[in-house]
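Coordinate inspection notes
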Amino acid sequence: GQTVAVISFNAGEAGYFNEELQLLMQETSRQVSLAWEAGQAARDRDSEHALRRQMENRYQRIFDSSPVAKQLHSAEDGRLLAINRAHERVFGYNLAELSTDDGWFRLAYPEPELREKMRSIWLADLQRSRETGTIAQSPEMTLRARDGSARIVRGAMTVTGDVAIVSWTDQI
């Protein structure tokens, strides 16, 4: 390390530092040490926060840049938390249009009977994935894109914590 500070006590005569002054110097040393440790802890915390922000930004870039259409759903309350650029490109919807599982099902499956069937499958797969940690795979299916066209896709979903991660591979 590098010396950054020196505390010096000088006496003009022998025996100047009696027991009381020695105790005072020890207490002063202890206080300086505590202040230094607190400052180091704050620097370490700041460094950890900066590293966490870097990792979050890196994850966001990877998620957005993935060539596979992805959705992040709250497994707790059904909110659609995020979609990536590939999802917007494949399906045409933006996050504000979808916002919840209900919004996604309403747009992707416009026919009520199919929508309810797919919702039931989704809920069962979601529960199974939460309980077992397995990846749910969908058969080939047709979803409705924003422009009204049909997208033939396969889906895969897994749950980590309270987030369901869904990936869609476009079959056309």
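As shown above, the structure is provided for reference.
Right, let's walk through the structure included here. (Residues numbered from 1 in each chain as written. Predicted model: local features only at pLDDT ≥ 70, side-chain atom pairs only at ≥ 80, totals over all residues. Heavy atoms only, no water.)

Right, let's talk about the overall build of the protein chain for a bit. Along the protein chain, the regular secondary structure elements total five helices and six strands. Scanning the protein chain from its N terminus toward the C terminus, one meets helices and strands in the order α-β-β-α-α-α-α-β-β-β-β. Here the C-alpha radius of gyration of the protein chain, 30 Å, is well above what a compact globule of 172 residues would show, namely 16 Å. For the protein chain, the spread of C-alpha atoms along the principal axes amounts to about 95 × 30 × 25 Å. Expressed as a percentage of its 172 residues, the buried residues of the protein chain come to 28%. In the protein chain, 36% of the contacts between residues at least 6 apart in sequence involve partners at least 24 apart. Summing over all exposed atoms, the protein chain offers an accessible surface of approximately 11600 Å²; the carbon and sulfur share of this is 52%. If the 21 positive side-chain charges of the protein chain are averaged to one point and the 25 negative ones to another, these points end up 9 Å apart. (Helix = DSSP H or I, 4+ residues; strand = E, 2+ residues; numbered from the N terminus. Rg over C-alpha atoms; globule rule 2.2 N^0.38 Å. Buried < 20%, exposed > 50% of the residue type's maximum accessible area, 1.4 Å probe, protein only. Contact = heavy atoms within 4.5 Å. Areas by Shrake-Rupley, 256 points an atom, 1.4 Å probe, with all protein chains shown as cover. Lys, Arg positive; Asp, Glu negative; His and termini not counted. Charge placed at Lys NZ, Arg CZ, Asp CG, Glu CD.)

The periodicity of an α-helix, 3.6 residues per turn, causes residues three or four positions apart to be oriented the same way. The first and last C-alpha atoms of helix 5 (residues 112-132) sit 30 Å apart over 21 residues, in line with the 30 Å expected at 1.5 Å per residue. Of all the residues in helix 5, the buried ones are Arg115, Met118, Arg119, Trp122, Asp125, Leu126 and Ser129. Around the axis of helix 5, the buried residues are gathered within 135° of arc, so they sit on the same side. Exposed side of helix 5, more than 90 degrees from the buried face: Glu113, Lys117 and Glu131 are the residues found there. Where helix 5 ends, the next residue or the one after it, Gly133, has phi of about 75°, a positive value. (Expected span 1.5 Å × (residues − 1). Arc of directions from axis to C-beta.)

Turning next to the packing of aromatic side chains. Using the criterion set out here, one finds seven aromatic pairs in the structure. Seen from their ring centres, Phe105 and Tyr109 are 5.6 Å apart, and the 25° between their planes marks the pair as stacked. The class for Tyr109 is buried, based on a relative accessible area of 3%. Three or more aromatic residues link up through ring pairs in this structure, and these residues are Phe91, Tyr93, Trp104 and Trp168. Sitting over the face of the ring of Trp36, Arg43 holds its NZ or CZ atom 5.3 Å from the ring centroid. (Phe/Tyr/Trp six-rings, centres within 6.5 Å; stacked < 30°, edge-to-face > 60°. Lys NZ or Arg CZ within 6 Å of the ring centre and 35° of its normal.)

Topologically, Gln71 is positioned in strand 1 (residues 69-74). A polar contact of 3.0 Å, which involves the side chain of Gln71, links it to the side chain of His73. At a separation of 3.2 Å, a polar atom in the side chain of Gln71 contacts the side chain of Trp168. (Polar contact = N/O pair within 3.5 Å; in protein donor to acceptor, adjacent residues only side chain to side chain.)

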